[in-house]
Amino acid sequence: MILPNMKEAKIRTNKKVNISKYDVDSKYKNIGNNKKYFIKTYGCQMNVHDSENIKALLEEMKFQEVYNMEDADLILLNTCAIRENAHNKVFGFLGRVKHLKEIRPDIISGICGCMAQEESVVNEIKDKYKWVDIVFGTHNIHNLPSILNDSLMKRQQEIEVYSIEGEIVENIPVKRDSKYKAWVNIMYGCDKFCTYCIVPYTRGKQRSREPEYILEEVEKLVRDGYKEVTLLGQNVNAYGKDLDINYTMSDLLRDVAETKIERVRFVTSHPWDFNDEMIKVISEYDNIMPYIHLPLQSGSDRILKLMGRRYTKEDYINLFNKLKENIPNVSITTDIIVGFPGETEEDFKDTLDVVNTCKYDSAYTFIFSPRVGTPAEKMKDDVTIEEKNKRLHILNESVNKYANEANQRYLNKVVPVLIEGKSEKDNMLMGYTDTMKLVNVSGSDNYIGKIVNVKITDVKTWSLDGKIVK
Ligand code: SAM
Ligand code: SF4
(Lines give C-alpha, C1' and ligand atoms only; values in the text may rest on other atoms or scores of the structure.)
(Ligands and ions follow the chains in the order given, each with its own letter.)
Protein backbone atom coordinates (compact mmCIF):
# COMPACT_ATOMS: atom_id res chain seq x y z
CA MET A 1 0.00 0.00 0.00
CA ILE A 2 1.47 3.37 -1.03
CA LEU A 3 -0.56 6.28 0.35
CA PRO A 4 -0.47 9.89 -0.88
CA ASN A 5 1.27 12.57 1.15
CA MET A 6 0.48 16.24 0.49
CA LYS A 7 3.72 17.48 2.07
CA GLU A 8 5.80 15.36 -0.29
CA ALA A 9 3.60 16.34 -3.24
CA LYS A 10 4.55 19.97 -2.68
CA ILE A 11 8.31 19.43 -2.90
CA ARG A 12 10.12 20.81 -5.96
CA THR A 13 13.79 20.06 -6.63
CA ASN A 14 16.08 20.56 -9.62
CA LYS A 15 16.30 16.83 -10.20
CA LYS A 16 16.22 15.94 -13.89
CA VAL A 17 12.94 14.39 -14.98
CA ASN A 18 13.20 10.70 -15.72
CA ILE A 19 11.79 9.73 -19.13
CA SER A 20 10.89 6.09 -19.60
CA LYS A 21 8.99 4.14 -22.23
CA TYR A 22 5.97 2.04 -21.37
CA ASP A 23 6.15 -1.53 -22.54
CA VAL A 24 3.31 -4.00 -22.12
CA ASP A 25 4.18 -6.88 -19.81
CA SER A 26 2.94 -10.09 -21.45
CA LYS A 27 2.09 -11.69 -18.13
CA TYR A 28 -0.87 -9.32 -17.72
CA LYS A 29 -2.19 -9.55 -21.22
CA ASN A 30 -5.12 -11.92 -20.58
CA ILE A 31 -6.34 -10.56 -17.24
CA GLY A 32 -9.40 -9.05 -18.86
CA ASN A 33 -10.38 -12.02 -21.03
CA ASN A 34 -14.20 -12.12 -21.28
CA LYS A 35 -14.46 -9.18 -18.89
CA LYS A 36 -16.00 -5.78 -19.48
CA TYR A 37 -15.06 -2.38 -18.09
CA PHE A 38 -16.91 0.87 -17.49
CA ILE A 39 -15.08 4.12 -16.85
CA LYS A 40 -16.62 7.38 -15.67
CA THR A 41 -14.52 10.50 -16.10
CA TYR A 42 -14.87 13.73 -14.15
CA GLY A 43 -13.09 17.05 -14.68
CA CYS A 44 -10.84 18.63 -17.27
CA GLN A 45 -9.44 17.60 -20.66
CA MET A 46 -6.38 16.23 -18.89
CA ASN A 47 -8.55 13.67 -17.14
CA VAL A 48 -10.44 12.89 -20.34
CA HIS A 49 -7.13 12.16 -22.02
CA ASP A 50 -5.88 10.08 -19.05
CA SER A 51 -9.03 8.00 -19.43
CA GLU A 52 -8.13 7.46 -23.09
CA ASN A 53 -4.82 5.98 -21.87
CA ILE A 54 -6.52 3.89 -19.19
CA LYS A 55 -8.97 2.48 -21.75
CA ALA A 56 -6.13 1.43 -24.04
CA LEU A 57 -4.21 -0.19 -21.15
CA LEU A 58 -7.34 -2.16 -20.21
CA GLU A 59 -7.95 -3.21 -23.80
CA GLU A 60 -4.36 -4.46 -24.06
CA MET A 61 -5.39 -6.75 -21.18
CA LYS A 62 -8.40 -7.80 -23.29
CA PHE A 63 -11.07 -5.97 -21.30
CA GLN A 64 -13.95 -4.67 -23.45
CA GLU A 65 -15.54 -1.27 -22.93
CA VAL A 66 -19.23 -1.02 -22.02
CA TYR A 67 -21.24 2.15 -21.57
CA ASN A 68 -23.71 0.79 -19.05
CA MET A 69 -22.22 0.40 -15.59
CA GLU A 70 -24.58 -2.50 -14.80
CA ASP A 71 -22.91 -4.61 -17.56
CA ALA A 72 -19.36 -4.14 -16.27
CA ASP A 73 -16.97 -6.44 -14.37
CA LEU A 74 -14.61 -3.54 -13.68
CA ILE A 75 -15.86 -0.05 -12.73
CA LEU A 76 -13.38 2.83 -12.60
CA LEU A 77 -14.00 6.43 -11.56
CA ASN A 78 -11.41 8.87 -12.89
CA THR A 79 -11.89 11.78 -10.52
CA CYS A 80 -11.40 15.55 -10.25
CA ALA A 81 -10.35 17.42 -7.09
CA ILE A 82 -10.61 21.01 -8.23
CA ARG A 83 -13.70 21.92 -6.19
CA GLU A 84 -15.79 20.46 -3.39
CA ASN A 85 -18.75 19.64 -5.66
CA ALA A 86 -16.48 17.41 -7.81
CA HIS A 87 -15.77 15.42 -4.62
CA ASN A 88 -19.40 15.17 -3.68
CA LYS A 89 -20.36 13.87 -7.11
CA VAL A 90 -17.81 11.05 -6.84
CA PHE A 91 -18.87 10.03 -3.35
CA GLY A 92 -22.50 10.15 -4.52
CA PHE A 93 -21.70 7.88 -7.48
CA LEU A 94 -19.78 5.48 -5.23
CA GLY A 95 -23.11 4.72 -3.50
CA ARG A 96 -24.42 3.31 -6.80
CA VAL A 97 -21.25 1.25 -7.29
CA LYS A 98 -21.57 -0.16 -3.76
CA HIS A 99 -25.15 -1.18 -4.43
CA LEU A 100 -24.06 -3.08 -7.57
CA LYS A 101 -21.23 -4.76 -5.67
CA GLU A 102 -23.67 -6.01 -3.07
CA ILE A 103 -25.54 -7.83 -5.82
CA ARG A 104 -22.37 -8.95 -7.67
CA PRO A 105 -19.42 -9.08 -5.22
CA ASP A 106 -17.05 -10.18 -8.02
CA ILE A 107 -17.15 -6.67 -9.58
CA ILE A 108 -13.79 -4.86 -9.29
CA SER A 109 -14.17 -1.19 -8.40
CA GLY A 110 -11.53 1.50 -8.52
CA ILE A 111 -10.79 5.19 -8.04
CA CYS A 112 -8.07 7.07 -9.86
CA GLY A 113 -7.24 10.62 -10.94
CA CYS A 114 -6.80 13.77 -8.85
CA MET A 115 -8.92 12.77 -5.83
CA ALA A 116 -6.77 9.68 -5.48
CA GLN A 117 -3.79 12.01 -4.94
CA GLU A 118 -5.43 13.60 -1.89
CA GLU A 119 -4.39 12.30 1.50
CA SER A 120 -7.72 13.02 3.20
CA VAL A 121 -9.72 11.29 0.46
CA VAL A 122 -7.58 8.15 0.35
CA ASN A 123 -7.63 7.85 4.16
CA GLU A 124 -11.42 8.01 4.01
CA ILE A 125 -11.52 5.32 1.29
CA LYS A 126 -9.12 3.13 3.27
CA ASP A 127 -11.20 3.41 6.45
CA LYS A 128 -14.79 3.74 5.28
CA TYR A 129 -14.87 2.33 1.75
CA LYS A 130 -12.94 -0.91 2.25
CA TRP A 131 -14.95 -2.49 -0.56
CA VAL A 132 -13.24 -0.24 -3.17
CA ASP A 133 -10.67 -2.64 -4.69
CA ILE A 134 -8.08 -0.38 -6.30
CA VAL A 135 -6.91 3.21 -5.88
CA PHE A 136 -4.17 4.63 -8.09
CA GLY A 137 -2.86 8.15 -8.65
CA THR A 138 -2.06 10.34 -11.62
CA HIS A 139 1.60 9.25 -11.47
CA ASN A 140 0.68 5.53 -11.45
CA ILE A 141 -1.50 5.14 -14.53
CA HIS A 142 1.08 3.06 -16.41
CA ASN A 143 1.16 0.62 -13.47
CA LEU A 144 -2.53 -0.19 -13.82
CA PRO A 145 -1.91 -3.73 -15.17
CA SER A 146 0.18 -4.74 -12.14
CA ILE A 147 -2.14 -2.99 -9.65
CA LEU A 148 -5.11 -4.84 -11.11
CA ASN A 149 -3.23 -8.12 -11.10
CA ASP A 150 -2.24 -7.70 -7.43
CA SER A 151 -5.81 -6.89 -6.48
CA LEU A 152 -7.11 -10.03 -8.20
CA MET A 153 -4.40 -12.29 -6.75
CA LYS A 154 -4.45 -10.98 -3.18
CA ARG A 155 -8.14 -10.11 -2.96
CA GLN A 156 -7.39 -7.07 -0.85
CA GLN A 157 -7.63 -3.30 -1.32
CA GLU A 158 -4.67 -2.15 -3.45
CA ILE A 159 -3.64 1.48 -3.07
CA GLU A 160 -0.74 2.79 -5.12
CA VAL A 161 -0.42 6.58 -5.14
CA TYR A 162 3.01 8.13 -5.55
CA SER A 163 3.44 11.67 -4.20
CA ILE A 164 6.43 12.51 -6.33
CA GLU A 165 7.48 15.38 -8.52
CA GLY A 166 6.71 13.05 -11.38
CA GLU A 167 8.36 11.43 -14.34
CA ILE A 168 7.37 11.20 -17.99
CA VAL A 169 6.27 7.89 -19.39
CA GLU A 170 6.17 7.87 -23.19
CA ASN A 171 4.47 5.25 -25.31
CA ILE A 172 1.43 4.65 -23.08
CA PRO A 173 -1.17 3.34 -25.52
CA VAL A 174 -4.23 5.46 -26.22
CA LYS A 175 -7.80 4.71 -27.29
CA ARG A 176 -9.01 8.07 -28.55
CA ASP A 177 -12.68 9.01 -28.11
CA SER A 178 -12.77 10.77 -31.50
CA LYS A 179 -11.45 9.86 -34.95
CA TYR A 180 -11.14 13.51 -35.93
CA LYS A 181 -9.82 15.51 -33.01
CA ALA A 182 -7.18 14.48 -30.52
CA TRP A 183 -5.75 15.62 -27.22
CA VAL A 184 -1.97 15.74 -27.11
CA ASN A 185 -0.20 16.32 -23.79
CA ILE A 186 2.71 18.68 -24.21
CA MET A 187 3.47 18.97 -20.53
CA TYR A 188 2.43 17.62 -17.17
CA GLY A 189 2.06 19.19 -13.73
CA CYS A 190 2.28 22.79 -12.64
CA ASP A 191 4.71 24.90 -10.61
CA LYS A 192 2.62 28.06 -10.33
CA PHE A 193 1.08 27.17 -6.95
CA CYS A 194 -1.82 29.63 -7.18
CA THR A 195 -2.91 29.72 -3.55
CA TYR A 196 -6.40 28.28 -4.13
CA CYS A 197 -5.39 25.44 -6.44
CA ILE A 198 -4.83 21.74 -5.75
CA VAL A 199 -3.34 20.90 -9.17
CA PRO A 200 0.38 21.34 -8.29
CA TYR A 201 -0.17 18.77 -5.51
CA THR A 202 -2.18 16.27 -7.54
CA ARG A 203 -0.21 16.48 -10.79
CA GLY A 204 3.38 17.12 -9.70
CA LYS A 205 5.97 19.49 -11.05
CA GLN A 206 5.97 21.05 -14.49
CA ARG A 207 7.44 18.52 -16.91
CA SER A 208 7.52 19.38 -20.62
CA ARG A 209 7.60 16.48 -23.06
CA GLU A 210 10.49 16.58 -25.45
CA PRO A 211 9.44 18.13 -28.78
CA GLU A 212 10.41 15.03 -30.80
CA TYR A 213 7.83 12.88 -28.99
CA ILE A 214 5.09 15.49 -29.39
CA LEU A 215 5.78 16.02 -33.09
CA GLU A 216 5.96 12.27 -33.72
CA GLU A 217 2.52 11.93 -32.09
CA VAL A 218 1.03 14.77 -34.15
CA GLU A 219 2.55 13.45 -37.40
CA LYS A 220 0.99 10.05 -36.72
CA LEU A 221 -2.37 11.74 -36.09
CA VAL A 222 -2.08 13.52 -39.46
CA ARG A 223 -1.35 10.17 -41.16
CA ASP A 224 -4.35 8.65 -39.39
CA GLY A 225 -6.61 11.34 -40.84
CA TYR A 226 -7.10 13.49 -37.75
CA LYS A 227 -8.19 17.06 -38.47
CA GLU A 228 -7.52 18.73 -35.13
CA VAL A 229 -5.12 18.52 -32.21
CA THR A 230 -5.41 20.30 -28.89
CA LEU A 231 -2.10 20.72 -27.12
CA LEU A 232 -2.70 20.16 -23.42
CA GLY A 233 -1.01 21.52 -20.32
CA GLN A 234 -2.01 23.40 -17.16
CA ASN A 235 0.07 26.27 -18.34
CA VAL A 236 1.03 25.71 -21.96
CA ASN A 237 2.74 29.08 -22.44
CA ALA A 238 5.46 27.94 -20.02
CA TYR A 239 6.17 24.94 -22.25
CA GLY A 240 9.89 24.23 -22.61
CA LYS A 241 11.05 26.38 -19.69
CA ASP A 242 12.01 23.24 -17.80
CA LEU A 243 13.86 21.66 -20.75
CA ASP A 244 17.57 22.28 -21.15
CA ILE A 245 17.20 23.00 -24.85
CA ASN A 246 16.37 26.44 -26.13
CA TYR A 247 12.85 25.60 -27.33
CA THR A 248 9.65 27.36 -26.25
CA MET A 249 5.90 27.25 -26.84
CA SER A 250 6.20 29.46 -29.90
CA ASP A 251 8.72 27.01 -31.43
CA LEU A 252 6.43 24.12 -30.66
CA LEU A 253 3.36 25.86 -32.07
CA ARG A 254 5.24 26.62 -35.29
CA ASP A 255 6.47 23.03 -35.65
CA VAL A 256 3.04 21.56 -34.92
CA ALA A 257 1.45 23.94 -37.45
CA GLU A 258 4.07 22.86 -40.01
CA THR A 259 2.86 19.23 -39.79
CA LYS A 260 -0.10 20.65 -41.79
CA ILE A 261 -2.71 19.27 -39.42
CA GLU A 262 -5.78 21.32 -40.30
CA ARG A 263 -6.50 22.70 -36.83
CA VAL A 264 -4.21 23.37 -33.89
CA ARG A 265 -5.58 24.43 -30.51
CA PHE A 266 -3.97 24.74 -27.09
CA VAL A 267 -5.19 25.00 -23.46
CA THR A 268 -4.66 26.49 -20.90
CA SER A 269 -2.80 29.77 -21.22
CA HIS A 270 -1.66 31.47 -18.04
CA PRO A 271 -1.55 35.21 -18.80
CA TRP A 272 1.83 35.53 -17.09
CA ASP A 273 3.76 33.53 -19.70
CA PHE A 274 1.97 34.73 -22.86
CA ASN A 275 4.71 36.47 -24.89
CA ASP A 276 4.79 38.45 -28.15
CA GLU A 277 6.51 35.67 -30.08
CA MET A 278 3.57 33.36 -29.38
CA ILE A 279 1.10 35.98 -30.57
CA LYS A 280 3.15 36.39 -33.75
CA VAL A 281 3.17 32.65 -34.48
CA ILE A 282 -0.57 32.33 -33.83
CA SER A 283 -1.30 35.16 -36.26
CA GLU A 284 1.08 33.78 -38.92
CA TYR A 285 -0.47 30.33 -39.28
CA ASP A 286 -3.99 29.81 -40.62
CA ASN A 287 -4.14 26.38 -39.03
CA ILE A 288 -3.58 27.73 -35.50
CA MET A 289 -7.13 28.47 -34.42
CA PRO A 290 -8.11 32.00 -33.37
CA TYR A 291 -9.33 30.88 -29.97
CA ILE A 292 -7.68 31.54 -26.62
CA HIS A 293 -8.75 30.53 -23.15
CA LEU A 294 -7.20 33.15 -20.90
CA PRO A 295 -8.17 32.67 -17.23
CA LEU A 296 -8.65 35.94 -15.34
CA GLN A 297 -9.63 34.50 -11.91
CA SER A 298 -10.18 38.00 -10.45
CA GLY A 299 -10.08 41.61 -11.64
CA SER A 300 -8.84 42.94 -8.31
CA ASP A 301 -5.10 43.51 -7.94
CA ARG A 302 -5.37 42.82 -4.21
CA ILE A 303 -7.09 39.45 -4.76
CA LEU A 304 -4.79 38.53 -7.68
CA LYS A 305 -1.86 39.03 -5.33
CA LEU A 306 -3.48 36.89 -2.63
CA MET A 307 -4.11 34.26 -5.30
CA GLY A 308 -0.45 34.34 -6.33
CA ARG A 309 -1.35 35.00 -9.97
CA ARG A 310 1.61 37.33 -10.73
CA TYR A 311 -0.22 39.77 -13.00
CA THR A 312 -2.35 42.85 -12.37
CA LYS A 313 -5.69 43.88 -13.82
CA GLU A 314 -3.80 46.29 -16.10
CA ASP A 315 -1.34 43.61 -17.30
CA TYR A 316 -4.27 41.36 -18.10
CA ILE A 317 -6.24 43.98 -20.04
CA ASN A 318 -3.11 44.99 -21.98
CA LEU A 319 -2.50 41.38 -22.98
CA PHE A 320 -6.16 40.93 -23.88
CA ASN A 321 -6.08 44.01 -26.14
CA LYS A 322 -2.85 42.86 -27.77
CA LEU A 323 -4.41 39.50 -28.60
CA LYS A 324 -7.50 41.17 -30.06
CA GLU A 325 -5.39 43.57 -32.14
CA ASN A 326 -2.98 41.00 -33.54
CA ILE A 327 -5.06 37.88 -34.08
CA PRO A 328 -7.86 38.54 -36.58
CA ASN A 329 -11.28 37.38 -35.43
CA VAL A 330 -9.93 35.86 -32.20
CA SER A 331 -12.42 34.65 -29.62
CA ILE A 332 -11.35 34.76 -25.99
CA THR A 333 -12.87 32.91 -23.04
CA THR A 334 -11.95 32.91 -19.38
CA ASP A 335 -12.25 31.39 -15.88
CA ILE A 336 -13.36 33.55 -12.93
CA ILE A 337 -13.53 32.76 -9.23
CA VAL A 338 -15.86 34.77 -6.96
CA GLY A 339 -15.83 34.80 -3.18
CA PHE A 340 -12.10 34.28 -2.70
CA PRO A 341 -11.35 34.73 1.05
CA GLY A 342 -11.77 38.39 1.99
CA GLU A 343 -13.11 39.49 -1.42
CA THR A 344 -14.84 42.85 -0.83
CA GLU A 345 -17.59 44.47 -2.84
CA GLU A 346 -14.88 46.73 -4.34
CA ASP A 347 -12.79 43.69 -5.39
CA PHE A 348 -15.83 42.13 -6.99
CA LYS A 349 -16.58 45.36 -8.86
CA ASP A 350 -13.05 45.20 -10.30
CA THR A 351 -13.85 41.74 -11.64
CA LEU A 352 -17.09 43.00 -13.19
CA ASP A 353 -15.15 45.90 -14.64
CA VAL A 354 -12.77 43.54 -16.49
CA VAL A 355 -15.75 41.52 -17.76
CA ASN A 356 -17.38 44.72 -19.03
CA THR A 357 -14.11 45.73 -20.71
CA CYS A 358 -13.24 42.38 -22.27
CA LYS A 359 -16.78 41.27 -23.18
CA TYR A 360 -15.71 37.62 -23.26
CA ASP A 361 -17.06 35.14 -25.77
CA SER A 362 -17.76 32.93 -22.79
CA ALA A 363 -16.58 32.30 -19.24
CA TYR A 364 -16.50 29.50 -16.69
CA THR A 365 -17.43 31.02 -13.34
CA PHE A 366 -16.92 29.40 -9.93
CA ILE A 367 -17.40 30.11 -6.26
CA PHE A 368 -14.12 29.70 -4.38
CA SER A 369 -13.89 26.23 -2.89
CA PRO A 370 -11.33 25.68 -0.11
CA ARG A 371 -8.99 22.78 -0.94
CA VAL A 372 -7.31 20.90 1.89
CA GLY A 373 -3.59 21.66 2.09
CA THR A 374 -3.59 24.80 -0.10
CA PRO A 375 -2.63 28.23 1.38
CA ALA A 376 -6.05 29.77 0.61
CA GLU A 377 -7.77 27.13 2.74
CA LYS A 378 -6.27 28.82 5.81
CA MET A 379 -7.04 32.41 4.78
CA LYS A 380 -9.66 34.25 6.80
CA ASP A 381 -12.94 34.22 4.91
CA ASP A 382 -15.71 36.46 6.19
CA VAL A 383 -17.81 36.59 3.01
CA THR A 384 -21.08 34.71 3.57
CA ILE A 385 -22.17 32.01 1.14
CA GLU A 386 -25.32 34.05 0.39
CA GLU A 387 -23.11 36.96 -0.68
CA LYS A 388 -20.94 34.65 -2.81
CA ASN A 389 -24.01 33.23 -4.52
CA LYS A 390 -25.29 36.74 -5.17
CA ARG A 391 -21.98 37.77 -6.76
CA LEU A 392 -21.91 34.63 -8.90
CA HIS A 393 -25.42 35.40 -10.11
CA ILE A 394 -24.54 39.01 -11.01
CA LEU A 395 -21.36 37.86 -12.74
CA ASN A 396 -23.20 35.20 -14.73
CA GLU A 397 -25.76 37.72 -15.96
CA SER A 398 -22.95 39.83 -17.41
CA VAL A 399 -21.12 36.84 -18.87
CA ASN A 400 -24.31 35.56 -20.54
CA LYS A 401 -25.10 38.98 -22.00
CA TYR A 402 -21.67 39.23 -23.66
CA ALA A 403 -21.72 35.59 -24.80
CA ASN A 404 -24.99 36.27 -26.55
CA GLU A 405 -23.68 39.50 -28.10
CA ALA A 406 -20.57 37.68 -29.34
CA ASN A 407 -22.72 34.99 -30.94
CA GLN A 408 -25.05 37.56 -32.54
CA ARG A 409 -22.11 38.74 -34.65
CA TYR A 410 -22.18 35.35 -36.42
CA LEU A 411 -25.71 35.71 -37.79
CA ASN A 412 -25.74 35.25 -41.60
CA LYS A 413 -21.96 34.75 -41.68
CA VAL A 414 -20.35 31.73 -43.32
CA VAL A 415 -17.92 29.97 -40.98
CA PRO A 416 -15.77 26.82 -41.15
CA VAL A 417 -17.03 24.01 -38.90
CA LEU A 418 -15.43 20.65 -38.14
CA ILE A 419 -18.42 18.32 -38.02
CA GLU A 420 -17.80 15.96 -35.13
CA GLY A 421 -20.92 13.83 -34.98
CA LYS A 422 -24.59 13.72 -34.12
CA SER A 423 -26.05 16.59 -32.15
CA GLU A 424 -28.20 16.10 -29.09
CA LYS A 425 -30.87 17.88 -31.14
CA ASP A 426 -32.98 15.55 -33.29
CA ASN A 427 -31.48 14.63 -36.63
CA MET A 428 -28.84 17.34 -36.46
CA LEU A 429 -25.07 17.24 -36.69
CA MET A 430 -22.77 19.21 -34.42
CA GLY A 431 -19.33 20.71 -34.63
CA TYR A 432 -17.18 23.68 -33.71
CA THR A 433 -16.09 26.78 -35.61
CA ASP A 434 -12.42 27.78 -35.71
CA THR A 435 -13.32 30.19 -32.87
CA MET A 436 -14.76 27.32 -30.78
CA LYS A 437 -18.45 28.11 -31.19
CA LEU A 438 -20.76 25.12 -30.98
CA VAL A 439 -22.86 24.83 -34.15
CA ASN A 440 -25.83 22.57 -34.89
CA VAL A 441 -26.48 21.88 -38.57
CA SER A 442 -28.68 19.59 -40.58
CA GLY A 443 -26.96 17.34 -43.09
CA SER A 444 -26.11 13.75 -43.89
CA ASP A 445 -23.71 11.63 -41.84
CA ASN A 446 -21.23 11.87 -44.75
CA TYR A 447 -20.20 15.26 -43.42
CA ILE A 448 -18.95 13.80 -40.12
CA GLY A 449 -15.19 14.27 -39.85
CA LYS A 450 -15.09 17.02 -42.48
CA ILE A 451 -14.52 20.76 -42.21
CA VAL A 452 -17.41 22.42 -44.04
CA ASN A 453 -18.65 25.96 -44.58
CA VAL A 454 -21.78 26.71 -42.60
CA LYS A 455 -24.06 29.72 -42.91
CA ILE A 456 -25.34 30.74 -39.49
CA THR A 457 -29.13 31.03 -39.53
CA ASP A 458 -29.99 31.32 -35.84
CA VAL A 459 -28.13 32.40 -32.73
CA LYS A 460 -28.51 31.34 -29.08
CA THR A 461 -26.38 32.28 -26.07
CA TRP A 462 -24.39 29.01 -26.04
CA SER A 463 -24.78 27.69 -29.59
CA LEU A 464 -25.43 28.60 -33.20
CA ASP A 465 -27.67 26.93 -35.79
CA GLY A 466 -26.70 26.87 -39.43
CA LYS A 467 -26.85 25.17 -42.78
CA ILE A 468 -24.04 23.74 -44.85
CA VAL A 469 -23.21 25.77 -47.95
CA LYS A 470 -21.08 24.69 -50.89
N1 SAM B 1 -4.14 26.13 -15.29
C2 SAM B 1 -5.28 26.93 -15.47
C3 SAM B 1 -4.97 28.38 -15.09
O4 SAM B 1 -3.91 28.71 -14.69
O5 SAM B 1 -5.86 29.21 -15.15
C6 SAM B 1 -6.48 26.46 -14.66
C7 SAM B 1 -6.71 25.05 -14.42
S8 SAM B 1 -7.96 24.66 -13.26
C9 SAM B 1 -8.10 22.97 -13.63
C10 SAM B 1 -9.46 25.28 -13.98
C11 SAM B 1 -10.12 26.39 -13.21
O12 SAM B 1 -10.66 25.93 -12.00
C13 SAM B 1 -9.22 27.53 -12.79
O14 SAM B 1 -8.94 28.42 -13.82
C15 SAM B 1 -10.00 28.19 -11.67
O16 SAM B 1 -10.85 29.20 -12.16
C17 SAM B 1 -10.85 27.04 -11.14
N18 SAM B 1 -10.39 26.65 -9.79
C19 SAM B 1 -9.23 26.09 -9.44
N20 SAM B 1 -9.18 25.92 -8.10
C21 SAM B 1 -10.34 26.40 -7.60
C22 SAM B 1 -10.88 26.52 -6.29
N23 SAM B 1 -10.21 26.12 -5.23
N24 SAM B 1 -12.11 27.06 -6.15
C25 SAM B 1 -12.81 27.48 -7.23
N26 SAM B 1 -12.36 27.39 -8.48
C27 SAM B 1 -11.13 26.86 -8.67
FE1 SF4 C 1 -3.74 25.75 -10.71
FE2 SF4 C 1 -3.52 26.84 -13.15
FE3 SF4 C 1 -2.54 28.10 -11.03
FE4 SF4 C 1 -1.35 25.86 -11.91
S5 SF4 C 1 -1.54 27.81 -12.99
S6 SF4 C 1 -1.78 26.38 -9.81
S7 SF4 C 1 -3.13 24.70 -12.57
S8 SF4 C 1 -4.72 27.64 -11.46
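In what follows, the structure referred to is the one given above.
Basis of the calculations
- Residues numbered from 1 in each chain as written.
- Chains lettered and ligands numbered in written order.
- Predicted model: local features only at pLDDT ≥ 70, side-chain atom pairs only at ≥ 80, totals over all residues.
- Heavy atoms only, no water.
- Helix = DSSP H or I, 4+ residues; strand = E, 2+ residues; numbered from the N terminus.
- Rg over C-alpha atoms; globule rule 2.2 N^0.38 Å.
- Buried < 20%, exposed > 50% of the residue type's maximum accessible area, 1.4 Å probe, protein only.
- Contact = heavy atoms within 4.5 Å.
- Areas by Shrake-Rupley, 256 points an atom, 1.4 Å probe, with all protein chains shown as cover.
- Lys, Arg positive; Asp, Glu negative; His and termini not counted.
- Charge placed at Lys NZ, Arg CZ, Asp CG, Glu CD.
- Salt bridge = Lys/Arg side-chain N within 4 Å of Asp/Glu carboxyl O.
- Near = heavy atom within 4 Å.
- Polar contact = N/O pair within 3.5 Å; in protein donor to acceptor, adjacent residues only side chain to side chain.
- Nonpolar A, V, L, I, M, F, W, Y, C, P; charged D, E, K, R; others polar.

Novice: Sorry if this is basic, but what is going on with the overall build of the protein chain here?
Specialist: Along the backbone of the protein chain there are 13 helices and 21 strands. What you see for the protein chain is a C-alpha radius of gyration of 23 Å, in line with the 23 Å of a compact globule of 470 residues. Once the C-alpha set of the protein chain is aligned to its principal axes, its extents read approximately 60 × 55 × 50 Å. Taken across its 470 residues, the protein chain has 56% of its residues classed as buried. Contacts in the protein chain between residues far apart in sequence, at least 24 positions, make up 76% of those at least 6 positions apart. Of the accessible surface of the protein chain, which amounts to about 20900 Å², a share of 49% is contributed by carbon and sulfur atoms. Distance between charge centres in the protein chain, computed from 68 positive and 71 negative side chains, equals 2 Å.

Novice: Teacher, can you tell me more about the pattern of salt bridges here?
Specialist: Any two side chains of opposite charge can pair, so long as their charged atoms come close to each other. In this structure the tally under the stated criterion is 42 salt bridges. Among the salt bridges present, the one from Asp353 reaches Lys313, with a minimum N-O distance of 2.7 Å. Taken as a pair, Asp353 in helix H12 (residues 345-358) and Lys313 in helix H11 (residues 313-326) lie far apart in primary sequence, 40 residues in all. Lys313 gets classed as buried once you look at its relative accessible area, which sits at 19%.

Novice: Explain the side chain of Ser109 to me, please; I cannot follow it from the model alone.
Specialist: Within the secondary structure layout, Ser109 lies in strand E5 (residues 108-113). When near neighbours in sequence (up to four residues on either side) are disregarded, Ser109 contacts Ile75, Val97, Lys101, Trp131, Val132, Asp133 and Ile134.

Novice: How should the site of ligand 1 be read in this particular structure?
Specialist: Taken together, 16 residues are adjacent to ligand 1, and Tyr196, Gln234, Gln297, Asp335 and Ser369 come closest. Arg83 is positioned such that a nitrogen or oxygen atom in its side chain is 3.3 Å from an oxygen atom of ligand 1. Gln297 is positioned with one of its side-chain polar atoms (N or O) 2.7 Å from an oxygen atom of ligand 1. The protein chains hide 91% of the 560 Å² of surface that ligand 1 would expose on its own. Residue assignment for the shell around ligand 1 shows that the elements contributing at least two residues are strand E15 (331-338) and strand E16 (362-367). Looking at the shell around ligand 1 residue by residue, the classes come out as seven nonpolar, five polar and four charged.

Novice: When you look at the environment of Ile168 in this model, what are you seeing that I'm missing?
Specialist: With respect to the secondary-structure elements, Ile168 resides in strand E8 (residues 168-170). Residues Ile168 and Thr334, spaced 166 residues apart in sequence, show a C-alpha to C-alpha distance of 29 Å. In this view, Ile168 contacts Val17, Asn18, Ile19, Ser20, Tyr188, Arg207, Ser208 and Arg209; residues no more than four positions away in its chain are not counted.

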